[in-house]
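# Coordinate inspection notes
Residue strings, one per chain:
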Amino acid sequence: MIRIEDPDDPRVQHYRAVRDRDLAGREGRFIVEGEVVLRNLLSAASRFRTESILLSETRAAALEPALEALPPSLPVYVASQAVMDATVGFHIHRGVLAVGLRGENLGVRALLGRLPERCLVLGLMGLSNHDNIGGIFRNAAAFGVDAVLLDRRSCDPLYRKALRVSVGASLLVPFAWSEDPGALVGELEAAGISPFALSPSAQTTIDEQAWPKRTALLLGAEGPGLPAWLLARVPALRIAMAPGFDSLNVATTSGIALHAVRRGRVGRPAD
């Protein structure tokens, strides 16, 4: 472990002013915060590489057994809480940070081409809330989603807060960007994946639906939801609720819908 005594040490330059850089970008890098998210970044299941790790003194000892398995070329920096806070720009009470490398962006067509014959995909359109993105990725990992597609209006799953809310699931569930919702739906259909739109205005409930072996669930932002042209193009489904109320948080919606697909497939033939 490499001791850092000065917040201006150039070796920890990518950890400086974390909140400002959340908005400005990090040139192919992203920040991981918290022990669970770090362990997911370091796991074999992650497709992202780690550039460095920064720990507070109190957290370094607890994590030392896990860090012993890392290659010697990976820098692990240790600082006092005061130095770490001054570097980051706020009190980092978790005491665990890392810099990950994004690598090459995986295109939608390439990602869909890697999926198994039986697969489940999520399509996200216009989701600009980082808490919702993080919650959806956590649900995606929990219910075995094979891929997540996002349009360009949706926020980054590797944004620090989205990563934290997802407890690192954004590092494990493959995702790709589509230029617009129409292209996203077109790519799904070209890959032989049947898309279903989630909308409170739908007539059919998710419990009534028989799920194809290659299924995609499409989710829009709270409030505007999915565009009318899309609801006219693909089958729409809703979650049955008590009379007089039809609104759910979009992350909650994703969890209920994914559970319905998983439950509906258990014990049924693949076709």
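Summarised in this report is the structure supplied together with it. (Residues numbered from 1 in each chain as written. Predicted model: local features only at pLDDT ≥ 70, side-chain atom pairs only at ≥ 80, totals over all residues. Heavy atoms only, no water.)

## Side note on the overall build of the chain
Assigned secondary structure in the chain consists of 10 helices and 12 strands. Relative to the 2.2 N^0.38 estimate, which gives 18 Å for 271 residues, the radius of gyration of the chain is 21 Å and therefore close to what a compact globule would have. Projected onto the principal axes, the alpha-carbon positions of the chain cover approximately 60 × 35 × 30 Å. In the chain, buried positions account for 50% of the 271 residues. Put simply, 75% of the contacts in the chain that link residues at least 6 apart link residues at least 24 apart. As presented, the chain carries roughly 12,700 Å² of accessible surface, and 51% of it is formed by carbon and sulfur atoms. The averaged location of the 29 negative side-chain charges in the chain is 4 Å from the averaged location of its 30 positive side-chain charges. (Helix = DSSP H or I, 4+ residues; strand = E, 2+ residues; numbered from the N terminus. Rg over C-alpha atoms; globule rule 2.2 N^0.38 Å. Buried < 20%, exposed > 50% of the residue type's maximum accessible area, 1.4 Å probe, protein only. Contact = heavy atoms within 4.5 Å. Areas by Shrake-Rupley, 256 points an atom, 1.4 Å probe, with all protein chains shown as cover. Lys, Arg positive; Asp, Glu negative; His and termini not counted. Charge placed at Lys NZ, Arg CZ, Asp CG, Glu CD.)

## Concerning the packing of helix H2 (residues 35–42) against helix H3 (residues 57–67)
Relative orientation of the contacting elements H2 and H3 amounts to 25°, with a least axis distance of 13 Å. Between H2 and H3, the interaxial angle falls into the category roughly parallel. Judged by the twist between their axes, the crossing of H2 over H3 is right-handed. Listed contacts from H3 to Glu35, Leu38 and Arg39 of H2 are Arg59, Leu63 and Ala66. (Axes fitted to C-alpha atoms, helices over the stretch in contact; angles between N-to-C directions. Parallel < 35°, antiparallel > 145°, perpendicular 65-115°, else oblique. Left-handed = near helix turned anticlockwise from the far one by under 90°.)

## Regarding the layout of surface pockets
Of the volumes computed, that of the largest pocket is approximately 370 Å³. Every residue lining the largest pocket is counted, 21 residues in all, and those nearest its centre are Leu198, Ser199, Pro200, Leu248 and Thr253. Among the elements of the structure, strand S11 (214–220), strand S12 (236–238) and helix H10 (250–265) are those that each provide at least two residues to the lining of the largest pocket. Each residue belonging to the lining of the largest pocket can be placed in one class, and the counts come to 12 nonpolar, 6 polar and 3 charged. (1 Å grid on protein atoms, 1.4 Å probe; cavity = no way out; pocket = protein on both sides within 12 Å on 5 of 7 lines; lining within 4 Å. Points joined across faces, edges and corners; volume = space filled by probe spheres on them. Nonpolar A, V, L, I, M, F, W, Y, C, P; charged D, E, K, R; others polar.)

## Let's talk about the sheet that holds strand S9 (residues 194–198)
Reading across the sheet, the 7 strands line up as S8-S7-S6-S11-S9-S12-S10 and stay open at both edges, with parallel pairing between neighbours. Of all strands in the sheet, those with a lone pairing partner are strand S8 (175–178) and strand S10 (204–205), marking the two edges. Set on the sheet, helix H6 (residues 130–142) makes contact with strand S6 (119–125), strand S7 (147–151), S8 and S11; between it and S6 the angle comes to about 175°. The sheet strands contacting helix H8 (residues 181–190) are S6, S7, S8, S9 and S11, and the helix crosses S6 at an angle near 170°. (Pairing = 2+ DSSP bridges.)

## Quick look at the sheet that holds strand S5 (residues 96–101)
Pairing is mixed in the open sheet, where 5 strands are placed in the order S1-S4-S3-S5-S2. Edge positions in the sheet fall to strand S1 (2–4) and strand S2 (29–33), since each of these pairs with one other strand and no more. Neighbour-to-neighbour, the strand axes of this sheet turn through a mean angle of 25°, independent of strand direction. Of the pairings in the sheet, the one linking S2 to S5 comprises 5 bridges and is antiparallel in character. The residue bridging Phe30 from the neighbouring strand is Gly100, located in S5. Strands S1, strand S3 (49–56), strand S4 (76–79) and S5 of the sheet are contacted by helix H4 (residues 81–88), whose axis makes an angle of about 130° with S3.

## Brief notes about empty space enclosed by the protein
Under the counting rule described, the total for this entry stands at 1 cavity of 30 Å³ or more. Taken together, Arg47, Phe48, Arg102, Glu104, Asn105, Leu106, Leu158, Phe175, Ala176 and Trp177 form the lining of the largest cavity. Considering only residue class, the lining of the largest cavity consists of 6 nonpolar, 1 polar and 3 charged.

## Focus: H6
The terminal C-alpha atoms of H6 lie 18 Å apart, and with 13 residues this matches the ideal 18 Å at 1.5 Å per residue to within 8%. Regarding H6, the residues found buried are Asn132, Ile133, Gly134, Gly135, Ile136, Phe137, Asn139 and Ala140. Regarding H6, its N-cap is Asn129, as a side-chain oxygen of that residue lies 2.9 Å from the backbone nitrogen of Asp131 further along. Backbone geometry just after H6 places Gly144 at a positive phi near 75°. (Expected span 1.5 Å × (residues − 1). Polar contact = N/O pair within 3.5 Å; in protein donor to acceptor, adjacent residues only side chain to side chain.)

It is worth stressing that arrangement in space is one thing and function is another; only the former is reported here.
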